[in-house]
Amino acid sequence: MDQRKIQAITDWPPSKDIHALRAFLGLCNFYRRFGKNYPFIALPLTEILKKAMPWDWDHRRAEAFTALEAVMSSSPFLALPDLAKPIEVQRMPLIMLWEESCYKRGI
């Protein structure tokens, strides 16, 4: 990845309002399939986007923001595949998707 793009991610200021958070998550969502455990890391940030949720930037959301910055700018995430080696595709287990869905719905 281009060094300017990495710098843009790492220099992104913490969100002060919902519009800034949407912009950051929009950038992250473009690469979400490449980040390990992305849905679980981003969950505190996506919760605050709901209409019924008041804006509350607490330590949990700040930690999630920092973790997403770290994931998006880490070496394994940005590395190009070595085509000489076999490629292994990992999928999220169905039970984890179900649990996340239940958590979001408050079940």
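Residues numbered from 1 in each chain as written. Predicted model: local features only at pLDDT ≥ 70, side-chain atom pairs only at ≥ 80, totals over all residues. Heavy atoms only, no water.

Asker: What is the right way to look at the environment of isoleucine 48 in this model?
Answerer: Considering the arrangement of structural elements, one finds isoleucine 48 in the loop between helix H3 (38–47) and helix H4 (59–72). Classification of isoleucine 48 as buried rests on a relative accessible area of 1%. Separated by 13 residues in sequence, isoleucine 48 and arginine 61 place their C-alpha atoms 8.9 Å apart. Not counting chain neighbours up to four residues away, the residues in contact with isoleucine 48 comprise Ile18, Leu21, Met53, Pro54, Trp55, Asp56 and Arg61. (Helix = DSSP H or I, 4+ residues; strand = E, 2+ residues; numbered from the N terminus. Buried < 20%, exposed > 50% of the residue type's maximum accessible area, 1.4 Å probe, protein only. Contact = heavy atoms within 4.5 Å.)

Asker: Would you mind going over the packing of aromatic side chains with me for this structure?
Answerer: Any two aromatic rings considered together are summarised by their centre-to-centre distance and by the angle between their planes. Taken as a whole and judged by the stated rule, the model has 4 aromatic pairs. An angle of 40° between the planes, with centres 4.4 Å apart, marks the rings of phenylalanine 24 and phenylalanine 65 as tilted. One end of the pair, phenylalanine 24, is in helix H2 (residues 18–30); the other, phenylalanine 65, is in helix H4, and 41 residues separate them in sequence. Note on phenylalanine 24: relative accessible area 0%, which makes it buried. Exposure remark for phenylalanine 65: the relative accessible area of 3% places this residue in the buried category. The rings of Trp12, Phe24, Trp55, Trp57 and Phe65 are connected pair by pair, giving a single aromatic cluster. (Phe/Tyr/Trp six-rings, centres within 6.5 Å; stacked < 30°, edge-to-face > 60°.)

Asker: Before we go on, may I ask you to explain the nonpolar core in this structure?
Answerer: Across soluble globular proteins, nonpolar side chains show a tendency to be buried alongside one another. Counting 15 residues, the largest nonpolar core has Leu25, Cys28, Tyr38, Leu45 and Leu68 as the members making the most contacts within it. Of all the secondary-structure elements, those providing two or more residues to this core are H2, H3 and H4. Filtering out sequence-adjacent residues up to four positions away, leucine 68 remains in contact with Phe24, Leu25, Cys28, Tyr38, Ile41, Ala42 and Leu45. (Core = buried A, V, L, I, M, F, W, Y, C linked by side-chain atoms within 4.5 Å.)

Asker: How do you make sense of H3 when you look at a structure like this?
Answerer: Owing to its 3.6 residues per turn, the α-helix brings residues three or four apart onto one side. Among the 10 residues of H3, 7 are classified as buried, and the element is accordingly described as predominantly covered. Residues Tyr38, Ile41, Ala42, Leu43, Pro44, Leu45 and Glu47 constitute the buried set of H3.

Asker: Explanation requested: the packing of H2 against H4 in the structure shown.
Answerer: How two helices sit against one another is set out by the angle between their axes and by the gap between those axes. Across the interface, H2 lies against H4 with an axial gap of 11 Å and an inter-helix angle of 35°. Considering how the two elements wind past one another, H2 and H4 form a crossing that is left-handed. The segment H2 lies against H4, with Phe24, Leu25, Leu27 and Cys28 engaging Phe65, Leu68, Glu69 and Met72. (Axes fitted to C-alpha atoms, helices over the stretch in contact; angles between N-to-C directions. Left-handed = near helix turned anticlockwise from the far one by under 90°.)

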